[in-house]
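So the chains spell out like this:
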Amino acid sequence: MKTLLRIWPFFKSYRLLMFFALLAVIAQSLFTLVVPSLTGLAVDQGVVTHNVNELIFLSGLILLFSFLRGMATFLQFYLGENAAQGVSYQLRKTVYAHIQSLSFGFHDQAQTGELLAHGTSDVEQLRNFTGRGLLMIFNLTLLMLGVTVALLKMDWRLAALSVLILPAIYWRAARFSLTIRPMFRIVQDQIARLATVIQDNAAGMRVVKAFGHEQEEIAHFDKENAALYDGYLDSTRQTAFNTPLLQLMSNVSTLTMLWVAGYLVIVRAITPGELVAFYAYLLQLVGPVARGGFLMAMAARAAASSERILEILDAPIAVANRDDAEQLPPIDGRVEFQDVSCAYHPGRPVLEHVSFVVEPDHMVALVGATGSGKTTVANLLPRFYDVSEGRVLIDGRDVRDVSLTSLRKQVGVVMQETTLFTGTIRDNITFGRPGVDDDTIRRAAKAARADEFIDRLPDGYDTIVGERGASLSGGQKQRVAIARALIMDPRLLILDEFTSAVDVETERLIRAALLELMRGRTTFVIAHRLSTVRAADSILVLARGRLVASGTHEQLLETSPVYRDIHASQLSSTGDDAEPGGVGPEAELASEVAG
Ligand code: ADP
């Protein structure tokens, strides 16, 4: 209940709908309660006294109230469902927006697939309950109260009996809900896990096939699939056992009551009409009370779902705008690290006391062994993560003092892992600046050396790139990504130099595109090529999270043994001296098809 209450704010805009739905429930309960007493009257004043007119009149009334009850039931479901759909729309929107704004730190740990499964299936569970279950519970409560009052008016002994028996049924239903709740949570977690396996597999299909790993994948899926099966069986066993038990309990109790009421008629404490009315009351309750178990299960499922929804909504946004965050005005691109330390996990710093200054338009190469902290330095500029000590300054302003959007709009990032979205090439190039004119798109593509291959595609810029851009070659995707960065015209650029092996010609095109991209911007390159470090204005050498040397290639070769090691073992000169001459369009086409 507590978790459900926390979802309450989402009902706010649908208060009116909920209010009318509740009115419909009240009306429905009243009409339901009227029918048994009318039936009793029909027996006493029509049947027992042989008064046909009275019988017809009361039957007509019963018919009228049954019709009204039908109308109220319709309104109750229709309005309730309407409100619930609205609430789930709001919830999906909020959850999705929250997932978007969660920081990198959160996404590092959470399985995104699981999050998405949360977002949709949990909201569905909740909608099911709020749209129907909640109103049914309210309805049931009203009916129980009404029946108790009606019985009290009739005969206190009958009322006392029902007050004893009905709560017993309710208690059983509640116990059942307590057992079933954790089971449903397990099932829902397992569904999410299965979704993650499927998503991972779809994303890594090429690797799976390349490694001939299909059987292992099937086995892996089968394990999770079987766990889901077991989870469902467990919860089904509980439901299957408890539902008839509850039914039996309510049948036995109606029978007990028939004995007691029959005895009261025999000793003339109540009339036969009252016996019929009493019985009719109980029949009205049997169904709902037996469904009580189902309602409880529904509530349990909804509670488990809201817990998980709240888990997402409660996840703190670690990297967020300060309340007084200002817009970052157009920058020159001067970058300064002041004694920066950074830790992904508290107490395990991956950068320690790093300080340096980079002047506008300079190109800086970050070099160091794998895990030395190059990516982390780059991550701090667009504030993907926050420093744990020290400051990162851009044009003298702490990145934490300015709004994230205004900062990130001016920092271009080109990663090794190129993600293209499903859509046209044009959509992908204009990702950061939708609606930009065709001329600008073409210029960006040309500068990125992507225009030629795009023109040769069947639909040019309107060619749809498949899921994750699978239909383009690696080299082509990289150039589209470069065009995407170019169109933003960022003053500050972060570049993870591509290490993937492409043929000499594609390599040459990519290098040319990158040089174009870097021109006139402050650039940080995570460098893997000798030619890149040679061209850099300065090189920062990282080792185990510390800045151990900095300078130009020549200076460092003389002064830094760490750099000499890196130079000898890590920097590649592949493609550096590629001769541009003698490569015709055919050869280029061939290389792109191959690449
Ligand atoms: P490089 O780019 O030089 O290979 P990184 O900056 O990626 O180095 O990594 C530095 C250290 O931080 C490594 O030990 C790595 O395991 C760790 N690390 C990097 N990213 C994360 C992350 N998202 N969460 C936790 N640890 C990380």
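The structure displayed is predicted, hence computed values, not measured ones.

Participant: Before we go on, may I ask you to explain the confidence of the model for the chain in this structure?
Facilitator: Low pLDDT means the predicted atomic positions in that stretch should not be read closely. With 92% of its residues at a pLDDT of at least 70, the chain reaches an overall mean of 84. Mean pLDDT per element in the chain: helix α20 (residues 585-594) is the minimum at 38, and strand β4 (residues 389-394) is the maximum at 94. In the predicted structure, residues 578-595 sits below a pLDDT of 50 and forms 23 contacts with residues beyond four places in sequence or in another chain.

Participant: Honestly, the sheet that holds strand β11 (residues 538-543) in this entry has me stumped. Any pointers?
Facilitator: Sheet strands line up and pair through hydrogen bonds in the backbone, either parallel or antiparallel. Read across the sheet, six strands follow the order β6-β9-β10-β3-β11-β12 without closing on themselves; strand pairing throughout is mixed. Unpaired on one side and paired on the other, β6 (411-414) and β12 (546-551) mark the two borders of the sheet. Mean inter-strand twist for the sheet, computed between neighbouring axes without regard to direction, equals 20°. Direction of pairing for strand β3 (residues 363-368) relative to β11: parallel, over a ladder of five bridges. Paired with V367 across the bridge in β11 is V541. Here helix α19 (residues 561-569) sits on the sheet and contacts β3, β11 and β12; the angle it forms with β11, its principal contact strand, is near 95°.

Participant: Honestly, the packing of helix α2 (residues 15-47) against helix α3 (residues 52-101) in this entry has me stumped. Any pointers?
Facilitator: For any two helices packed against each other, the geometry is given by the interaxial angle and the distance between the axes. The contact between α2 and α3 brings their axes to 8 Å, and the two run at 165°. Taken as axis vectors, α2 and α3 run roughly antiparallel relative to one another. As α2 runs across α3, the sense of the crossing is left-handed. Looking at the contact of α2 with α3 residue by residue, the classes come out as 24 nonpolar, 10 polar and two charged.

Participant: Where do I start with the packing of helix α15 (residues 474-486) against helix α16 (residues 504-518) in this structure?
Facilitator: Two elements in contact, α15 and α16, have axes whose closest approach is 10 Å; the angle formed by their N-to-C orientations is 10°. With respect to α16, the axis of α15 lies roughly parallel. Facing α15, whose interface residues are G475, Q478, R479, I482, A485 and L486, α16 presents T506, L509, I510, A513, L514 and L517. When its residues are assigned to classes, the contact of α15 with α16 shows eight nonpolar, three polar and one charged.

Participant: What should I look at first to understand the site of the ligand in this one?
Facilitator: Around the ligand sit 13 residues, and of these D108, G371, K374, T375 and T376 come closest. Take T375: an N or O atom from its side chain is 2.3 Å from an oxygen atom of the ligand. A total of 550 Å² of accessible area belongs to the ligand in isolation, and the protein chains cover 65% of it.

Participant: Just to check I follow, could you spell out the nonpolar core for this structure?
Facilitator: Soluble, globular proteins show a tendency: their nonpolar side chains are buried together. Membership of the largest hydrophobic core comes to 46 residues, with the highest contact counts inside it found for I429, I482, L517, V533 and I539. Formed by 31 residues, the second largest nonpolar core is a distinct cluster that contains V335, C342, V377 and L542.

The rules behind each value
Residues numbered from 1 in each chain as written. Predicted model: local features only at pLDDT ≥ 70, side-chain atom pairs only at ≥ 80, totals over all residues. Heavy atoms only, no water. pLDDT = per-residue confidence, 0-100. Helix = DSSP H or I, 4+ residues; strand = E, 2+ residues; numbered from the N terminus. Contact = heavy atoms within 4.5 Å. Pairing = 2+ DSSP bridges. Axes fitted to C-alpha atoms, helices over the stretch in contact; angles between N-to-C directions. Parallel < 35°, antiparallel > 145°, perpendicular 65-115°, else oblique. Left-handed = near helix turned anticlockwise from the far one by under 90°. Nonpolar A, V, L, I, M, F, W, Y, C, P; charged D, E, K, R; others polar. Near = heavy atom within 4 Å. Polar contact = N/O pair within 3.5 Å; in protein donor to acceptor, adjacent residues only side chain to side chain. Areas by Shrake-Rupley, 256 points an atom, 1.4 Å probe, with all protein chains shown as cover. Core = buried A, V, L, I, M, F, W, Y, C linked by side-chain atoms within 4.5 Å. Buried < 20%, exposed > 50% of the residue type's maximum accessible area, 1.4 Å probe, protein only.

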